[in-house]
Amino acid sequence: KYPDLKIIGLDQDPYARKAANKKLDEFKNRIDIKASNFANFEPREKVAFVIADLGVNSNQLDDPERGFSFQKDGPLDMRMNPFIEIDAEKLIENLSEKDLADIIYKYGEERLSRKISRKIKMDLKEKGKYSGTKALAYSIAGCFPPKQRYKKIHPATRTFQALRIAVNKEIEALENFLKVVPDWLLPGGIISIISFHSLEDRLVKSSFKNDQRLKNLTKKPITPSEQEVEINKRARSGKLRVAQLN
């Protein structure tokens, strides 16, 4: 639709890059897909528009071999970039009980973090390792009172979120990105960020409000409509915030 528009696409997941290249093949002369986390990227020239999607993509969630979800059993991996050294299994093995509890509380906002961490470390001491994502989720669920184990949101959800964030250093990457992204923009350029949990949204909100280089265009985040959620249930927690370079 806009033949003069050029796009730089960033993704640390080689499978996502391969899928994007295939899907966008007809536009390959105008699209440059790079193997990079957005926090480590430096554009060669200023850009007019930046959009950052902070969520895990559906292919990562749906492929049990990636180990992001406990809906289907898979290895305890959770790496967006499969070439980094530390996966979720190594993370829980290497961390002390206290440090693991701190991560679960900080990144998962899980009140039972200490109990869950203690159970995980006890299991590792007894069994050596977990057989996969379902075994870990089952163990975490056992830390909750019976009434809480069968709610709509699985009791292991927050802990899995915390482990994924820690494995991929997502918060550190976002904090670094928010510091540098205004320098990427042309005068009047736009930065928009879609986040999917409160930790990310608070960081984006604070940055857009307090960074003197930016004008915050969304006092409240834009959320998906009921129609969009019907089409894509995973969009329900998405929050879009937009700012403009002064």
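Scroll up a little and you will see the structure.
Described below are features of the structure shown in this document.

## Overview of unusual backbone geometry
Part 1 of the argument: We note that Met78 has phi near 75 degrees; this positive angle belongs to a residue other than glycine.
Part 2 of the argument: Looking at where Met78 falls in the secondary structure, it is placed in the loop between helix H2 (58–62) and helix H3 (88–94).
Part 3 of the argument: Here Met78 falls in the buried class, since its relative accessible area comes to 0%.
Part 4 of the argument: One non-glycine residue, Glu109, lies in positive phi territory at about 50 degrees.
Part 5 of the argument: Tracing the backbone shows Glu109 in the loop between helix H4 (97–108) and helix H5 (113–127).

## Brief notes about the pairing of strand S2 (residues 31–35)
Part 1 of the argument: Taken together, the five bridges between strand S1 (residues 7–11) and S2 define a ladder with parallel strand orientation. Across the sheet, the residue bridging to Ile7 is Ile31, located in S2.
Part 2 of the argument: With helix H1 (residues 14–23) bridging S1 and its parallel neighbour S2, the resulting β-α-β unit is right-handed.

## Structural notes on the packing of helix H6 (residues 133–141) against helix H8 (residues 157–168)
Part 1 of the argument: Where H6 contacts H8, the two axes come as close as 9 Å, and the packing angle between them is 125 degrees. On the basis of the axis angle, H6 is oblique to H8. For the pair formed by H6 and H8, the contact residues are Thr133, Leu136, Ala137 and Ile140 on the first element and Thr159, Phe160 and Leu163 on the second.
Part 2 of the argument: Considered class by class, the residues forming the contact of H6 with H8 number five nonpolar, two polar and no charged.

## Considerations on the pairing of strand S6 (residues 239–245)
Part 1 of the argument: Two strands pair when backbone bridges link them, and strand S4 (residues 185–195) and S6 are joined in this way by six bridges, in the antiparallel orientation. The residue bridging Ile194 from the neighbouring strand is Leu240, located in S6.
Part 2 of the argument: One ladder, built from three bridges, connects strand S5 (residues 214–216) with S6; its direction is antiparallel. By the bridge assignment, Asn216 is partnered in S6 with Ala243.

## Regarding the pattern of salt bridges
Part 1 of the argument: Going through the model one piece at a time under the given rule, you end up with 15 salt bridges.
Part 2 of the argument: Where Lys28 meets Asp25, a salt bridge forms, and the shortest distance between an N and an O atom there is 3.9 Å.
Part 3 of the argument: Assessed through its relative accessible area of 55%, Lys28 is described here as exposed.
Part 4 of the argument: Note that Glu109 is salt-bridged to Arg202, the shortest N-O span being 2.9 Å. Residue Glu109 is found in the loop between H4 and H5, and its partner Arg202 is found in helix H10 (residues 198–210); the two are separated by 93 residues along the sequence.
Part 5 of the argument: Judged by its relative accessible area of 45%, Arg202 falls in the partly exposed class.
Part 6 of the argument: Counted as one network, the salt bridges with shared partners bring together Asp183, Asp211 and Arg213.

About the criteria used
- Residues numbered from 1 in each chain as written.
- Predicted model: local features only at pLDDT ≥ 70, side-chain atom pairs only at ≥ 80, totals over all residues.
- Heavy atoms only, no water.
- Helix = DSSP H or I, 4+ residues; strand = E, 2+ residues; numbered from the N terminus.
- Buried < 20%, exposed > 50% of the residue type's maximum accessible area, 1.4 Å probe, protein only.
- Pairing = 2+ DSSP bridges.
- Right-handed = clockwise from strand over helix to strand, strands pointing away.
- Axes fitted to C-alpha atoms, helices over the stretch in contact; angles between N-to-C directions.
- Parallel < 35°, antiparallel > 145°, perpendicular 65-115°, else oblique.
- Contact = heavy atoms within 4.5 Å.
- Nonpolar A, V, L, I, M, F, W, Y, C, P; charged D, E, K, R; others polar.
- Salt bridge = Lys/Arg side-chain N within 4 Å of Asp/Glu carboxyl O.

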